[in-house]
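Observations on the three-dimensional arrangement
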Amino acid sequence: MGISPAELGSPGKEQQAAGVGILLQIMMLVLSFVVGHVLRRHKFYYLPEASASLLIGLIVGGLANISDTETSIRTWFNFHEEFFFLFLLPPIIFQSGFSLSPKPFFSNFGAIVTFAILGTFIASVVAGVLVYLGGLMYVMYGLPFVECLMFGALISATDPVTVLSIFQELGTDMNLYALVFGESVLNDAMAISLYRTMSLVLELDLLLLYSLRIVMKHYTYSNLSENSQQFVSAFFHLISSLAETFTFIYMGFDIAMEKHSWSHVGFISFSILFIGVARAANVFSCAFLVNLVRPVHRQVPLKHQKALWYSGLRGAMAFALALQSVHDLPEGHGQIIFTATTAIVVLTVLLIGGSTGTMLEALQVVGDGHDGHLGESFELNNGYVAPSYNEDGTAGNRFKMKLKEFQKSTVSFSALDRNYLTPFFTSQNGEDEEEHVFGNSSDEPMPSSRRGGFHGHSYNPT
């Protein structure tokens, strides 16, 4: 039996496609780092590095889409959500937790959890209900209520890599940075749990994984030699940078090559409006609750709330969940959600990311922190000082009593960690690490980013 010429040529075409795919990946990755270096060097904040990587993917994907090479290289550039969750996302989150300085994170831990858990739930419900009501009013394509809630959940996952890089370059308050940073990482777990309607065990596992990364930095970093510490930090920084750059390149390439449902312009337009409303409901309501229990000097100022609202970019997490919805939802519905999410991701990353510097200057939060040593109350209480109040029988004061009891337990854990846990788990450099985390001998630097370190400012609670 003879072999057809098509069969003989098939392996060669596959090898050629593989070579072209690998070459394009390397070229786009190198180009992204070169462009990012040029942008940083010239301090051009209107096109952040993440936006540049996304644009490079969009351009190359668009060229491949109009050429005859689309089918052959498509298998090498499809954005697989499983690959994202299993290989690209873990090093990014690991580096974020490992490089995060404990002091600003845990001093704002209550606010971060409020924004990430309660706030994400509020944003998901508000966005889903508004989309459903929009369909009932025939101003946009109508989806079933459950599917609207799924869309609200996936679109509530924030990815402020672009905003945080600008925060680091311009220099802003370290507590604002910690709020944006911590909320974005923790709310990913909440968004995934809401979208997939998983069991409580998996939700806790996701949150536990991030907590373990912070614990690893706190208790194992001091056991390494100075050279090993430098190597580990540089290695995780490199892996995270590669993963993040690949993510935005793949996302841009896949956006250009995927089939979209652009006919539902009303659904896309109103979705953009509704997520802005949902984000506002998230930030301002949670900030109101946080400020209820914080003293005046520790309250989240209005300009920081506006910066939080503006920082709610949508990125790879929302895109991956939207891509998953194409398979989870009935034919047509998932495609509409995916198209709307794609438009929101591109709009927020390019437009909002590029205007972050202007936003920070308009809100006057660039370098608005206070220099100086952190007070003793900040160190002992993780940055939170319980407000004074009269202990009467009203419901409000009973609520504050519970907060005060929680505050006492937090102080007790800080003392336990400082006196017993840190000395037990660390074998060297323990005193330096303890002084760095709990002491009040120096100002706390801003957590380092994927591209470089940053020294910010802090509240002065004294």
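What you see is a predicted model, and the numbers here were worked out from it, not measured in a lab.

Description of the environment of V60
- Within the secondary structure, V60 is located in helix α2 (residues 49–66).
- Residue classification places V60 among the buried residues on the basis of a relative accessible area of 19%.
- Put simply, V60 and D254 are 194 residues apart on the chain and 10.0 Å apart in space, counted from C-alpha to C-alpha.
- Excluding residues that lie within four positions of it along the chain, V60 makes contacts with L24, M28 and F253.

Some thoughts on the UniProt feature "transmembrane region" (unreviewed entry) in the protein chain
- According to UniProt, the positions carrying the feature "transmembrane region" (unreviewed entry) are residues 20–39, 46–63, 112–141, 189–210, 231–253, 265–293, 307–326 and 332–353.
- With 100% helix and 0% strand, the stretch residues 20–39 has end C-alpha atoms that lie 28 Å from each other.

Considerations on helix α14 (residues 316–328)
- The terminal C-alpha atoms of α14, which comprises 13 residues, lie 18 Å apart, in line with the 18 Å expected from a rise of 1.5 Å per residue.
- Of all the 13 residues making up α14, 10 are buried; the element is thus mostly covered by neighbouring parts of the structure.
- Among the residues of α14, those classed as buried are A316, M317, A318, F319, A320, L321, A322, L323, Q324 and S325.
- In the core, the buried residues of α14 are packed alongside α4 (81–99), α7 (145–154), α9 (174–196), α11 (226–257) and α15 (333–354).

Brief notes about the packing of α7 against α9
- Following both chains from N to C, one finds α7 and α9 inclined at 165 degrees, their axes separated by 8 Å at the closest point. Classified by the angle between their axes, α7 and α9 sit roughly antiparallel to one another. As for how α7 packs across α9, the hand of that crossing is left-handed. Across the interface between the two elements, M150, A153 and L154 of α7 pack against A191, L194 and Y195 of α9.
- Of the residues assigned to the contact of α7 with α9, the class counts are six nonpolar, no polar and no charged.

Observations concerning the packing of aromatic side chains
- Under the definition given, this model contains 12 aromatic pairs.
- Relative to F145, the ring of Y132 lies with its centre 5.1 Å away and its plane at 75 degrees, an arrangement referred to as edge-to-face. Here the residue Y132 occupies a position in helix α6 (residues 109–136), and F145 occupies one in helix α7, the gap between them amounting to 13 residues.
- When its relative accessible area of 27% is taken as the criterion, Y132 is described as partly exposed.
- For F145, a relative accessible area of 36% translates into the label partly exposed.
- When the centroid spacing of 5.4 Å and the interplanar angle of 50 degrees are considered together, the rings of F319 and F338 count as tilted. Taken together, the residues span a long stretch of sequence, with F319 in helix α14 and F338 in helix α15 at a distance of 19 residues.

Quick notes on the side chain of S240
- Note that S240 resides in helix α11.
- S240 sits in the buried class, given a relative accessible area of 1%.
- The residues contacting S240, other than those within four sequence positions of it, are P91, I92 and Q95.

Focus: the pattern of salt bridges
- Applying the stated criterion across every chain yields a total of two salt bridges.
- The salt bridge partner of R40 is E49, with a shortest N-O separation of 3.0 Å.
- Accessibility expressed as a relative area gives 9% for E49, which makes it buried.
- A salt bridge links R279 to E183; the shortest N-O distance between them is 2.8 Å. Taken together, the residues R279 in helix α12 (residues 265–292) and E183 in helix α9 connect sequence positions 96 residues apart.

Here's the deal with the side chain of D188
- Tracing the backbone through its elements, the reader meets D188 in helix α9.
- D188 sits in the buried class, given a relative accessible area of 10%.

Notes on the nonpolar core
- Counting residues in hydrophobic clusters, the biggest one holds 77 residues, and the most contacted among them are F84, F151 and M251.
- When residues of this core are assigned to their parent elements, the largest contribution, 10 residues, is made by α9.
- Setting aside chain neighbours within four positions, we find F151 in contact with V131, F267, S271, I337, A340, T341 and I344.

Some thoughts on the environment of Y141
- Counting through the fold element by element, Y141 comes out in the loop between α6 and α7.
- For the pair formed by Y141 and V265, sequence separation is 124 residues and the distance between their alpha carbons is 9.1 Å.
- Other than its neighbours up to four places away in sequence, Y141 contacts G135, H264, F267, H333 and I336.
- For Y141, the side chain forms a polar contact with the side chain of H333, separated by 3.5 Å.

Description of the packing of α6 against α7
- Direction vectors running N to C along α6 and α7 enclose 135 degrees, while the axes themselves pass 7 Å from each other. Classified by the angle between their axes, α6 and α7 sit oblique to one another. Taken as a pair, α6 and α7 cross one another with a handedness that is right-handed. Between α6, through S124, V125, A127, G128, V129, V131 and Y132, and α7, the contact on the second element is made entirely by F145, C148, L149, F151, G152 and A153.

Criteria and thresholds
Residues numbered from 1 in each chain as written. Predicted model: local features only at pLDDT ≥ 70, side-chain atom pairs only at ≥ 80, totals over all residues. Heavy atoms only, no water. Helix = DSSP H or I, 4+ residues; strand = E, 2+ residues; numbered from the N terminus. Buried < 20%, exposed > 50% of the residue type's maximum accessible area, 1.4 Å probe, protein only. Contact = heavy atoms within 4.5 Å. UniProt positions renumbered as here; feature names shortened; annotations may be inferred. Expected span 1.5 Å × (residues − 1). Axes fitted to C-alpha atoms, helices over the stretch in contact; angles between N-to-C directions. Parallel < 35°, antiparallel > 145°, perpendicular 65-115°, else oblique. Left-handed = near helix turned anticlockwise from the far one by under 90°. Nonpolar A, V, L, I, M, F, W, Y, C, P; charged D, E, K, R; others polar. Phe/Tyr/Trp six-rings, centres within 6.5 Å; stacked < 30°, edge-to-face > 60°. Salt bridge = Lys/Arg side-chain N within 4 Å of Asp/Glu carboxyl O. Core = buried A, V, L, I, M, F, W, Y, C linked by side-chain atoms within 4.5 Å. Polar contact = N/O pair within 3.5 Å; in protein donor to acceptor, adjacent residues only side chain to side chain.

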